Each structure stands twice: as C-alpha cells, then as structure tokens.
Amino acid sequence: MKKTVAAALAAAFVVGASSTTFAAANPFSDVPAGHWAYRAVANLAADGVIEGYGDGTYRGDRLITRYEMAQMIAKAIARSDEVFDKSFGDNSARKKHYHSTKADLDRLAAEFSDELDSLGVRVAELEKYADKVVWNGELRYRYWNEKEDVKGGGDIKTSKNRMELRLLPTAEVNEHWKLKARMDARVNMSTDAGDSWGGDFHLRSAYAAGDYGKFKINVGKMPLYTNVDDGLVMDDFFSGAQVVFGDKFTFALNAGRWSGTDDPSSYQGGEIAYDNDKLYIGAGYHHFNSDDFTALYGKDDANVWTVGARYNFDNGFKIGGAYANNTKAEEKKKSWTAGLAYKGANRKHPGSWGISADYRYVSAFVSLAPTYDTWFNNIHRKGVDIGVDWAPIENTYVKLGYFFGKALGSDEDLRTFFGRASWFF
C-alpha cells in the first residue's frame, strides 16, 4: 500500500502541533506559503523529522512507501518526548494538547508497527558501525594586557593576543570504555605566527576512560584539575592513571608524571569530597618531585595540601573559598581565594550571564598551574579578581576579567585585563 507525501503529512501533522516552532521558516522551495501543508512541512523540518532531498525541494507529489512513512514516524516518536520536555514545562493546557496529539502518533505507530520493527533492526545494525567517533571542539580567542608598576624603575607592560583551536574526539570501544583526546593549535594574532607550539596541532591529552558506574578509571595522558580548590593549584594534564570511586562521596587517586616543568615531575595525589549539587566540600594532597623545583625555592619536592568548599543558593548566588599550602616551600608557601558569584553564562542557554568577584592570594610555589584567566606571567600576586561572562547565542561564550592588586613581596601594583570569546561545535 502506498500513500502520497501530502497524505502522510496530514497524518503526521500531529508532531508539528506538539512543537513550539509554529512560525518556523519553510526550508523547501516547492512548498509555497499558501499550500495547505506549508505549516506542517515547516514544523516537521524544524524538528528534524523530515529533511527533504538536499536540493531545497520536498517533492510532495512523489509517492512514498510504507517504509518511508515509518521512517518519519520513527523520527517523530524519537523527538516527541524531547519536544515536550523542552517546550511545555508545567503548562497544563499545552500538556493536555500534547497528550491528545501523542495519542494520534501512537495510532500511527500501531498502523506501521511491522515497518517500524524492521526499521529498528536495520538501525541497530547500522549503529554498530556508525558514529563510533564523535568530534567536538572549540575555537577560542583570548587577549591579555598586564601592567606592573616597578618602583623606581618605570612600568612593565606585556600583552598576549591568541587564537586557539581545540579538537576533542571521543571514540567508543564498548559499553564501558571510551577513548578521549584533545588536540590544540595556537596562533599569535599579533604576528600570525605559531604561538608556543609553532602553530601546528599539539596532542594535549589522549587516554582510555573506563566507566563502571560508581567506579571509574582513566589511563593515559589526561586532565589534571584540582577540583577540591576549584583549580587554585592545578589545571593542566598529567600522564599516568587515575581511579575515582563514589557518587556524592568521591575518592580519587592519581599517579604518574606532570610535564609542566622543563624536567618532568613525578606526581602522586588524591582527593576526597562530598557534593550534593548545592554544597561541595573536600580536601586533597598532591606531591610533585622535580629538579626544577630546586631553582624555585631550594627543594626538589612540592607537597601541596588543599581544602575547599562551595555553596549554591537557590536565588543564583554562589559563595566559595579554598586554601592550599606547600609544606616544602620556605617562603610564599600558601595560596588562598574567597569569592561571591551570581548566576553564570551557559553556552547551551543563549542570553545567560553571570558576574563574580574574588579575592586571591596566589603564590607560584603553591599554585603550579592555576586555572585563573588573569593569572599572567606567573607573578605571585594578591588582589581582587572580577569577571563578567555572557552567552549571546547558542554555543558561544564571552568573558571579560580584570585583576587589580599587588605583587607578593615587592608590593608593586599589578593590573591585568583579560578578554575571551569562544565558539563551540
């Protein structure tokens, strides 16, 4: 039995009615605005249920098979719950309308049950070979400008103007294991020359990630982020192994090598934390050993203890603080931070924004590779760090930051401006 596309649209229009895209633009040139199926075609196309033929046409007079109709119904079923969750929320009237149209969709599914069963088998077979590698990434532009007022010697001004492309592939091995990697390429926008890595892609991380519910294990070169102190000590990478166990209470153990110094450092560390989405509290220990530390403060070891806590209020406000101490350092052996934030930009939510203000006391002997945007030239510092971020459109992120304070020890004035724009894909 065959049906025309127009007849199929008449039946499948229920899916378009469940979407909030009532004024969607029609992508098909051969369905004029006055056509009875115009709105159905536009809404179904906007929700990804129908795609046309790739040349801007829909060819609504062509006969389709029951199998092709089943494909449309399968897409509609897959999309229906997503559309409901995203668009209707707690609106009871629209919920009632949704359930009414959902019943019609169920009747269509019953009519084409044999074809849908066949489609499910075919899709399952294809999925064994397709979409094994998923690519994500980010194009990030950043600018820094810092002024250091040197007493009796004039000002020192430095700036950096960088574009960076990050590629983040993920490959599925089986139901428990994935392979993850990150490749970066940087360009100095002031000279159009390669920055730090010569402009070529540089493999920043590559590791196998195993997930067994509450038990997770990572092996390879992976991110090293001191979550307890929210990046006060480290936001970089290390080569080795990591084991994480728990849910709200988590225990993490790391061991391997950190290449943040010219002479790669051996590294062992761990953290324990409690997180219930509103309150986070934790403590950690991280040990590094490298001859390069001797030149910094006379010891080849860094034993860094750290604690931190954060709390999210229901009204969008957040408070947090962290403290870290390198027991091997003879001077400038502590770093700490405390701050207040309101909301925060989320690239998946256009229009979202946030503002923050923190006081930071940061020693390079303790904060070996901190996450702070205004951490520039590795100068020990103390002062106020303020930031504003915004997501103007989906998958974009913009941030402005400003630090003003003093250099530790010399008390020279420091001013750092930071700007960032990111596009995600």
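Residues numbered from 1 in each chain as written. Predicted model: local features only at pLDDT ≥ 70, side-chain atom pairs only at ≥ 80, totals over all residues. Heavy atoms only, no water.

How would you sum up the overall build of the protein? Please name residues and give values.
For the protein, the helix and strand inventory stands at 6 helices and 19 strands. The buried share of the protein, taken over its 425 residues, is 39%. Across the protein, the fraction of contacts at a sequence separation of at least 24, relative to all contacts at a separation of at least 6, is 51%. (Helix = DSSP H or I, 4+ residues; strand = E, 2+ residues; numbered from the N terminus. Buried < 20%, exposed > 50% of the residue type's maximum accessible area, 1.4 Å probe, protein only. Contact = heavy atoms within 4.5 Å.)

So what's going on with the packing of aromatic side chains? Which residues, and what values?
Going through the model one piece at a time under the given rule, you end up with 14 aromatic pairs. Consider the rings of Tyr285 and Trp305, whose centres lie 4.5 Å apart with planes at 45°: the pair is tilted. Residue Tyr285 is found in strand β12 (residues 279-289), and its partner Trp305 is found in strand β13 (residues 301-312); the two are separated by 20 residues along the sequence. Judged by its relative accessible area of 28%, Tyr285 falls in the partly exposed class. When the centroid spacing of 5.2 Å and the interplanar angle of 35° are considered together, the rings of Trp336 and Tyr359 count as tilted. In this pair, Trp336 is assigned in strand β15 (residues 334-343) and Tyr359 in strand β16 (residues 353-362), connecting sequence segments 23 residues apart. Members of the aromatic cluster, connected to one another through ring pairs, are Phe238, Trp258, Tyr267 and Phe288. One cation-aromatic arrangement involves Lys160 over Trp144; the distance from NZ or CZ to the ring centre is 5.6 Å. Across from the ring centre of Tyr372, 3.8 Å away, lies the NZ or CZ of Arg360, which sits over that ring. (Phe/Tyr/Trp six-rings, centres within 6.5 Å; stacked < 30°, edge-to-face > 60°. Lys NZ or Arg CZ within 6 Å of the ring centre and 35° of its normal.)

Describe unusual backbone geometry, and please don't skip the residues or the numbers.
One non-glycine residue, Asp230, lies in the positive phi region at around 60°. In this structure, Asn377 is a non-glycine residue whose phi angle is positive, near 65°. Assignment of secondary structure puts Asn377 in the loop between β16 and β17 (381-390).

Hey, could you go over the nonpolar core for me, with residue numbers and the actual values?
Of all hydrophobic cores here, the largest spans 26 residues; its most connected members are Met234, Trp258, Phe288 and Phe293. Among the elements of the structure, β7 (202-212), β8 (215-225), α6 (292-297), β13 and β14 (317-326) are those that each provide at least two residues to this core. Residues in contact with Trp258, not counting those within four places in the same chain, are Met234, Asp236, Phe237, Phe238, Pro264, Ser265, Tyr267, Phe288, Phe293, Leu368 and Ala369. (Core = buried A, V, L, I, M, F, W, Y, C linked by side-chain atoms within 4.5 Å.)

Tell me what's going on with the pattern of salt bridges, and back it up with residues and numbers.
Counted according to the given criterion, the structure contains 21 salt bridges. The partner of Glu146 in a salt bridge is Arg381, and the shortest N-O contact between them spans 3.1 Å. With Glu146 in strand β3 (residues 133-150) and Arg381 in strand β17, this pair connects stretches of sequence that are 235 residues apart. Each of Arg142, Glu164, Arg166, Arg182, Asp184, Arg186, Arg204 and Asp236 takes part in salt bridges that share partners, so that together they form one network. (Salt bridge = Lys/Arg side-chain N within 4 Å of Asp/Glu carboxyl O.)

Summarise a nonpolar patch on the surface; cite the residues concerned and give the values.
A cluster of nonpolar side chains, namely Tyr212, Phe215, Phe245, Phe249, Phe251 and Ile272, defines an oily patch on the protein surface of about 610 Å² accessible area. Structurally, Ile272 is set in strand β11 (residues 265-275). Taking the relative accessible area as the measure of exposure, Ile272 reaches 42% and is therefore partly exposed. (Patch = residues over 30% accessible without salt bridge, like charges linked within 9 Å, V, L, I, M, F, W, Y side chains within 5 Å. Areas by Shrake-Rupley, 256 points an atom, 1.4 Å probe, with all protein chains shown as cover.)

Can you tell me about the side chain of Ser363, naming the residues and giving the values?
Note that Ser363 resides in the loop between β16 and β17. From its side chain, Ser363 meets the backbone nitrogen of Phe365 in a polar contact 3.1 Å long. (Polar contact = N/O pair within 3.5 Å; in protein donor to acceptor, adjacent residues only side chain to side chain.)

Any details on the side chain of Glu146? Residues and values, ideally.
Residue Glu146 is classed as buried on the basis of its relative accessible area, which comes to 2%. Looking at Glu146, its side chain comes within polar contact range of the side chain of Arg381, at 3.1 Å. There is a polar contact of 2.4 Å between the side chain of Glu146 and the side chain of Thr416. Dropping the residues within four chain positions of it, Glu146 is found in contact with Ile156, Lys157, Thr158, Phe376, Asn377, Ile379, Arg381, Leu414, Arg415 and Thr416.

Give a detailed account of the pairing of strand β10 (residues 249-258), specifying residues and quantitative values.
Relative to β10, strand β9 (residues 235-246) is paired through 8 bridges, and the arrangement is antiparallel. The partner of Ala241 across the bridge, within β10, is Ala255. Pairing geometry for β10 and β11, over 10 bridges, is antiparallel. Residue pairing in the sheet places Leu253 in a bridge with Gly270 of β11. Joining the antiparallel neighbours β10 and β11 is a turn of 6 residues. (Pairing = 2+ DSSP bridges.)

Describe the environment of Gly194, naming the residues involved and giving the relevant values.
Tracing the sequence through the fold places Gly194 in strand β6 (residues 193-194). The spatial distance from the C-alpha of Gly194 to the C-alpha of Arg162 is 9.5 Å, given a sequence separation of 32 residues. Not counting residues within four places of it along the chain, the set of residues in contact with Gly194 comprises Arg186, Asn188 and Gly199.

Explain the confidence of the model for the protein to me, using residue names and the numbers behind them.
With 68% of its residues at a pLDDT of at least 70, the protein reaches an overall mean of 81. Predicted confidence for residues 1-24 stays below pLDDT 50, and this span has 62 contacts to residues more than four positions away or in other chains. Confidence drops under pLDDT 50 across residues 86-90; counting only partners more than four residues distant or on other chains, this segment forms 10 contacts. (pLDDT = per-residue confidence, 0-100.)

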